[in-house]
Every structure is written in C-alpha cells, then in structure tokens.
Amino acid sequence: MGKLQSKVKRNSSKYRAEGHVEVNYSGQNIQQHIPAHNDAVTSVAVFKSDLCVSGGKDKTVVVSNWKTGAALKRFLGHEKEVTKVASVFGSNRLFSASRDKMVIMWEVQGKSGPAQTFLGHHLVVTGLTVSPDSSQLFTGSRDNTICKWDIETGQCLQEAAISRNLVTHMCWVSNDSYFIQTSEDKIIRMWDSRDLQVAHTFPIKQYIQMHCDISQDGRYCITCSNGFGGQGCEATLWDLRQTRDRVLEYKGHMQTTAACVFLPNGVSGASLVATSSHDCMVKLWNQHTGGCLNTLFLDGSGPLASLAVSDKSSLLCASFNTGIHSLRLENGKGPELRHMAKF
C-alpha cells in the first residue's frame, strides 16, 4: 500500500489504492482564516466544545474558536518554542511546555500573563498530562525525569529519573490514577500517579515511540513511532487489561507517524483510530482490524505534528507549514475525512 500511495499523482483529485483505500486530496474550496500562529504549530488540544489551545515555534500559546477559526486570546511568556499544550476538558486552565525548560499554566478567564510557572527540568519539556480533577500536573523531559507538581503552589512534589528515558509524550488513563508515557528509548511506560512509580512497561518496540493516546473507556492504548521510507512509521494498539504483547499494528505511513488518537463512535458508528504523519497524510483506521479506511493528503502542509478530537465528527490537525486544519468525519460509502478549514 505504501508504494502505491507514494506514486499518487498530485493533480489527481482521488486515488483508490489496493484494498479500496480512498486517498482524498485537499482542494481549494476550504475556509481559510487568519493563521493562529506565524510559524509551525507543534501541538493542539481541545478544552471546550468550541475552543482549542495551540502552541507553536513562534513561542506563543493561542486560544481559538475552532468552529470559526478566530483567535480569541494569545499568551506570551515562553522564551523558546512551545512543544506541548494540555488541559482537562471543560477547565479554565491551560498548560504549555517549552524548549525553554519551563511549564506555564494559563487561565482563559484571567490575566494575560502566566498564572503559575513550574521550574525544575534541566532540558526541553516534551510531555504534559493533568490529573482529571485538575489538582496535579505531571511533566516529562529529555532530562530523563518525570515530575509531579502541585498546581496551586507550583511546587515539585516528586521526581523520578530513569536512565535514557527521553520523554516524547504523556497521556492520562481514563477514570484511573495511571498515565502512559512514550520515550526515545522505545519503551512505553505506565506510571502510578499516586507514588510516581512505574507500574508496567510494554514490550520494547523497534522504533522510537512518538505519541500515545487512551481510548475513552480506558481499555486500550495506542502509540506511534518514527521512521522513514515506510519502515517504522506505524501505530500500535495495546490492551491495558493484558499487556504482554501488542494487539495489532497500523502500517501505511511513509514517514514518521507523529500523532495518533482514538475517535469517538459518532458518524460512522465504528471504532476508529486516526494518525498523522510527516508524510502530510492523515489516515483513518478500523481500530479492531487494522485496516486503513481512508487517507487525506494535506498538500504543502509539511510535517503533521499533532491531532486533537474536537467533537464526535471533527478533528484538528496541527501542521508545520499551513497552520491548524479542521477536518470532518463523514460517512458515505465508508468513513471519510473532509478538509473543512484551516487557521
């Protein structure tokens, strides 16, 4: 499939690859809004039914209405590129990590400056996750440490260091006290947030693990890896109830798969997974069979760095060259992504 997709002519509107995987090409009839950032967008997250937060290489954190594409608030405070943003859905508080080694908390309904600053990491901060009650923040860095913070005081409550654990991403396990963390050492770790101890490690993968996400029911985890020329570049499904081995892999991207998310059972009624890659493609997968159902090619976007579920039928995708893309999940002959807008 990868070889077939790599030969797609760019002037075609659609291409049907082996296995009836439809490749859609982003056309010109999409809504184009003023870009939220003036450089690459590195991370995007949704925290209200119509609001998202994004961070970029321009050192800013921006709150936007993803439905209208309007930038509503812009936060300044980081000295270097923002690497990750995070929030608890419905919360007024947003968190951002940066290459400046800082993590900052911002309040949407509050002052324009930092509401709290978390200092302690010695290298770029590359992982963020917040407890469901919004009382504790957990961060990870290329300095091999995981830190547990009191959000109200900004104090580091606990720190855990593991050799070669260069953190790439962190996500919370739904309705539980655990979080998952991926790393450049290719190991996926499950942490108990209560004592900041590793509760489980998954079988080591061949390639660096870039990102992770947890299904809404808390039963499954998905991770994705770096790679090139179709080697690596896969996403992997894990069952958190039996963690001895992977469930299946999703293969088809040609370059590093930088983000992976579970989609809620909405329009299609099926269990779906979405991935985005440095190959400018967003792919839809059948969660349980591993089959690729649809591919959307965002021409000229550059690496696709981050994905966020915005509602039951919508998805946001952050890109290096063309801002944040709003995608809609439709169900014609099968699940299909449509490019609606960019901002």
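The chain is annotated in an unreviewed UniProt entry as WD repeat domain 31 of Pleurodeles waltl.

J.: What should I look at first to understand the overall build of the chain in this one?
T.: A tally of regular secondary structure across the chain gives 1 helix and 33 strands. Rg of the C-alpha trace for the chain: 19 Å, near the compact-globule value of 20 Å for 343 residues, within the 12% margin. Across its three principal directions, the C-alpha atoms of the chain cover 55 × 45 × 35 Å. A burial count over the chain gives 58% of its 343 residues as buried.

J.: Hey, could you run me through the UniProt feature "repeat: WD" (unreviewed entry) in the chain in this one?
T.: Sites flagged by UniProt as "repeat: WD" (unreviewed entry) map to residues 75–109, 118–159, 167–201 and 250–295. Secondary structure over residues 118–159 splits into 0% helix and 55% strand, and the C-alpha atoms at its two ends are 13 Å apart. With 0% helix and 60% strand, residues 167–201 has its two end C-alpha atoms placed 14 Å apart.

J.: What is the right way to read the pairing of strand β33 (residues 335–342) from this model?
T.: Put simply, side chains in a regular strand alternate between the two faces of the sheet. Summarising the sheet, strand β3 (residues 31–32) and β33 pair through 2 bridges and their orientation is parallel. From the neighbouring strand, Gln32 faces β33, where its bridge partner is Lys342. The pairing of strand β32 (residues 324–331) with β33 spans 7 bridges and is classified as antiparallel. Within β33, the residue paired with Leu329 across the bridge is Leu337. Counted between consecutive antiparallel strands, the loop separating β32 from β33 contains 3 residues.

J.: Help me out: how do you make sense of the packing of aromatic side chains in this one?
T.: Any aromatic ring pair is given by two values, namely how distant the centres are and how the planes are angled relative to each other. All told, the structure shown has 9 aromatic pairs when counted by the stated rule. Here the aromatic rings of Phe118 and Trp149 are separated by 5.7 Å at their centres, their planes lie at 70°, and the arrangement is edge-to-face. Highlighted residues: Phe118 in strand β11 (residues 116–118) and Trp149 in strand β14 (residues 145–150), separated in sequence by 31 residues. Under the relative-accessibility criterion, Trp149 is labelled buried at 1%. Site record: aromatic cluster; members linked through ring pairs are Phe138, Trp172, Phe179 and Trp191.

J.: I keep staring at the pattern of salt bridges and nothing clicks. Help me out?
T.: Two side chains that carry opposite charge are able to pair once their charged atoms sit near each other. Applying the stated rule across the entire model yields 13 salt bridges. Among the salt bridges present, the one from Lys205 reaches Glu234, with a minimum N-O distance of 3.3 Å. With Lys205 in the loop between β19 (197–201) and β20 (209–214) and Glu234 in the loop between β23 (231–232) and β24 (235–239), this pair connects stretches of sequence that are 29 residues apart. Beyond isolated ion pairs, a larger network of salt bridges with shared partners links Lys205, Glu234, Arg246, Glu249 and Lys251.

What counts as what
Residues numbered from 1 in each chain as written. Predicted model: local features only at pLDDT ≥ 70, side-chain atom pairs only at ≥ 80, totals over all residues. Heavy atoms only, no water. Helix = DSSP H or I, 4+ residues; strand = E, 2+ residues; numbered from the N terminus. Rg over C-alpha atoms; globule rule 2.2 N^0.38 Å. Buried < 20%, exposed > 50% of the residue type's maximum accessible area, 1.4 Å probe, protein only. UniProt positions renumbered as here; feature names shortened; annotations may be inferred. Pairing = 2+ DSSP bridges. Phe/Tyr/Trp six-rings, centres within 6.5 Å; stacked < 30°, edge-to-face > 60°. Salt bridge = Lys/Arg side-chain N within 4 Å of Asp/Glu carboxyl O.

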